[in-house]
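For reference, the chains in residue letters:
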Amino acid sequence: MRRLSRHGVFRVAPVLLASLSLVGCGGESGKGGVVEGDGWRGALLTTPDQRRIALLGGGGTRADSRIPDRADVERFEEALPPSEEFTSGPGASETIQLDEGYVRQYTELVAGEERQLRVQGICDPEGFAGWESEWLEVMDGGSCFWNAAMDLESGEIFYFSFNGMG
């Protein structure tokens, strides 16, 4: 996996989503509910503005956000390594466990034939009420937040990054 750029100033701006509870209805705004597995827990969501997020590695191609399938979430969790190195400055790094200490937000992004699972890890769910129903926008936050992307055709996690220096 490769690490890409870190982000600027810490800002969290949760955006209220429509409250549809239709699971697997691609392109619908809303939430798909909370899912759990061995050592992980997360929410199946769409993003507030379905045309806002670009595919990673897709040259800026805008994608539709859909509720992901649980099977794709399980494939992601099986492929996610148990830990990642977080570099907080020159010569300062630590190994972060990517276990149940982080809740996750999952959304599927679709543009033409390309499909990606976008995942956001959050270390303090009590500090972010509504994480189960609102896609959070995070610009920083150190090792408390991470983002990953999986190509749903190949099953490869091709992007992982913590959100900044903290």
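Residues numbered from 1 in each chain as written. Predicted model: local features only at pLDDT ≥ 70, side-chain atom pairs only at ≥ 80, totals over all residues. Heavy atoms only, no water.

## Comments concerning the overall build of the protein
When you go through the protein residue by residue, the secondary structure sums to one helix and nine strands. Across the protein, helices and strands are ordered from the amino to the carboxyl terminus as β-β-β-α-β-β-β-β-β-β. Across the 166 residues that make up the protein, the buried fraction comes to 43%. If you take every contact in the protein between residues at least 6 apart in sequence, the share linking residues at least 24 apart comes to 60%. Total accessible area on the protein stands at roughly 7,900 Å², and carbon and sulfur atoms take up 47% of it. (Helix = DSSP H or I, 4+ residues; strand = E, 2+ residues; numbered from the N terminus. Buried < 20%, exposed > 50% of the residue type's maximum accessible area, 1.4 Å probe, protein only. Contact = heavy atoms within 4.5 Å. Areas by Shrake-Rupley, 256 points an atom, 1.4 Å probe, with all protein chains shown as cover.)

## A few points about the confidence of the model for the protein
Across the protein, the average pLDDT comes to 79, with 78% of residues at 70 or higher. For the protein, the element scoring lowest by mean pLDDT is strand 4 (residues 83–89), at 88; helix 1 (residues 70–79) scores highest, at 98. With pLDDT under 50 throughout, residues 1–29 is counted as low confidence; its partners more than four residues away or in other chains account for 76 contacts. (pLDDT = per-residue confidence, 0-100.)

## Overview of the nonpolar core
Phe76, Leu98, Tyr106, Trp146 and Phe162 are the most contacted members of the largest nonpolar core, which has 21 residues in total. Counting only elements with at least two residues in this core, the list comes to strand 2 (40–45), helix 1, strand 7 (114–122), strand 8 (145–151) and strand 9 (157–162). Sequence-distant contacts of Phe76, that is, excluding residues within four places in its chain, are made with Tyr106, Leu117, Val119, Trp146, Ala148, Met150 and Ile157. Judged by nonpolar contacts, the second largest core, of eleven residues, contains Ile122, Trp131, Val138 and Cys144. (Core = buried A, V, L, I, M, F, W, Y, C linked by side-chain atoms within 4.5 Å.)

## Comments concerning the environment of Gly42
Mapped onto the elements of the fold, Gly42 is located in strand 2. Along the primary structure Gly42 and Tyr102 are separated by 60 residues, whereas in three dimensions their C-alpha atoms are 8.7 Å apart. With residues near it in sequence (within four places) discarded, Gly42 still touches Gly33, Val34, Val35, Arg104, Tyr106 and Trp131.

## Here's the deal with the pattern of salt bridges
Pairing of side chains with opposite charge becomes possible as their charged atoms draw close. With the rule as written, the count across this model stands at five salt bridges. Across the pair Glu74 and Arg70 runs a salt bridge, and its minimum N-O distance is 2.6 Å. Residue Glu74 and its partner Arg70 are both found in helix 1; the two are separated by four residues, about one turn of the helix. Judged by its relative accessible area of 31%, Glu74 is partly exposed. Classification of Arg70 by relative accessible area gives partly exposed; the value is 35%. Glu108 serves as the salt-bridge partner of Arg115, at 2.8 Å between the closest nitrogen and oxygen. Taken together, the shared-partner salt bridges in this structure form one network comprising Asp72, Arg75, Glu108 and Arg115. (Salt bridge = Lys/Arg side-chain N within 4 Å of Asp/Glu carboxyl O.)

## Section: the state of the cysteines
One pass over the structure, following the stated rule, counts one disulfide. The residue that forms a disulfide with Cys123 is Cys144, at a sulfur-sulfur distance of 1.9 Å. Looking along the S-S bond of the Cys123-Cys144 disulfide, the torsion reads about -85°, which is the left-handed sense. Taken together, the positions of Cys123 in the loop between strand 7 and strand 8 and Cys144 in the loop between strand 7 and strand 8 put the pair 21 residues apart, joining distant regions of the chain. Taking the relative accessible area as the measure of exposure, Cys123 reaches 30% and is therefore partly exposed. Taking the relative accessible area as the measure of exposure, Cys144 reaches 16% and is therefore buried. (Disulfide = S-S within 2.5 Å.)

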